[in-house]
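Here is how the chains run, residue by residue.
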Amino acid sequence: VSVQPTTNPRIVSAIDFISRRMTSALTLQDVAAAVHLSPSRLRHLFVQETGTTYRGYVLWLRINRAVVEMMDGRSWTEAAHETGFADSAHLSRTFRRMFGISPAMLIREKR
């Protein structure tokens, strides 16, 4: 996921809100309410300003943080829980869907 930089203060606030609440359930409605937009307007502005969807961005951010957690020595299960995935299987499926490889390949590369 390639995210374009944005200067729109509502989207900057939304991205900050998302980053601070990564481990909890995070709905579009929650973020929209926090930045005083309707969910449909946030969805539209988010794509317009960042070049990616809200959901795609949240998944990319969570996976990115999970990889950092794993590289810092946590297990995939711990990394999954720290970043809002239900379990390591959920993280693994999402990782494979987004990147086309198994997260286990990162472990092999790390060694």
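To be clear, the structure that these remarks concern was listed above.
Criteria and thresholds
Residues numbered from 1 in each chain as written. Predicted model: local features only at pLDDT ≥ 70, side-chain atom pairs only at ≥ 80, totals over all residues. Heavy atoms only, no water. Helix = DSSP H or I, 4+ residues; strand = E, 2+ residues; numbered from the N terminus. Phe/Tyr/Trp six-rings, centres within 6.5 Å; stacked < 30°, edge-to-face > 60°. Buried < 20%, exposed > 50% of the residue type's maximum accessible area, 1.4 Å probe, protein only. Expected span 1.5 Å × (residues − 1).

> With reference to specific residues and values, describe the environment of serine 24.
Relative to the assigned elements, serine 24 resides in the loop between helix H1 (9-20) and helix H2 (28-34). Residues serine 24 and phenylalanine 85, spaced 61 residues apart in sequence, show a C-alpha to C-alpha distance of 9.3 Å.

> Quick rundown of the packing of aromatic side chains? Include the residues and the values.
In this description, an aromatic ring pair is defined by two values, namely the gap between the centres and the angle between the planes. The final tally for this structure, using the stated rule, is five aromatic pairs. With a centroid separation of 6.2 Å and an interplanar angle of 80 degrees, the aromatic rings of phenylalanine 46 and tyrosine 54 are classed as edge-to-face. As far as burial versus exposure is concerned, phenylalanine 46 and tyrosine 54 are alike and both buried. Considering the side-chain rings of tyrosine 57 and tryptophan 60, the 6.1 Å spacing of their centres and the 35 degrees angle between planes classify their relative orientation as tilted. Here tryptophan 60 and tyrosine 57 lie together in helix H4 (residues 54-71), a separation of three residues that amounts to about one turn. We classify tryptophan 60 as partly exposed; its relative accessible area is 25%. What links up through ring pairs into an aromatic cluster is the set Phe46, Tyr54, Tyr57 and Trp60.

> Before we move on, can you summarise H4 with the specific residues and values?
One turn of the α-helix equals 3.6 residues, which is why residues spaced by three or four share an orientation. With 18 residues, H4 should cover 26 Å at 1.5 Å per step; its first-to-last C-alpha distance of 26 Å lies within 8% of that length. Residues of H4 that are buried include every one of Tyr54, Gly56, Tyr57, Val58, Leu59, Leu61, Arg62, Ile63, Ala66, Val67, Glu69 and Met70, and no others. Of the residues flanking the end of H4, it is glycine 73, one or two places downstream, whose phi is positive at about 110 degrees.

Nothing here speaks to function; it is all geometry.
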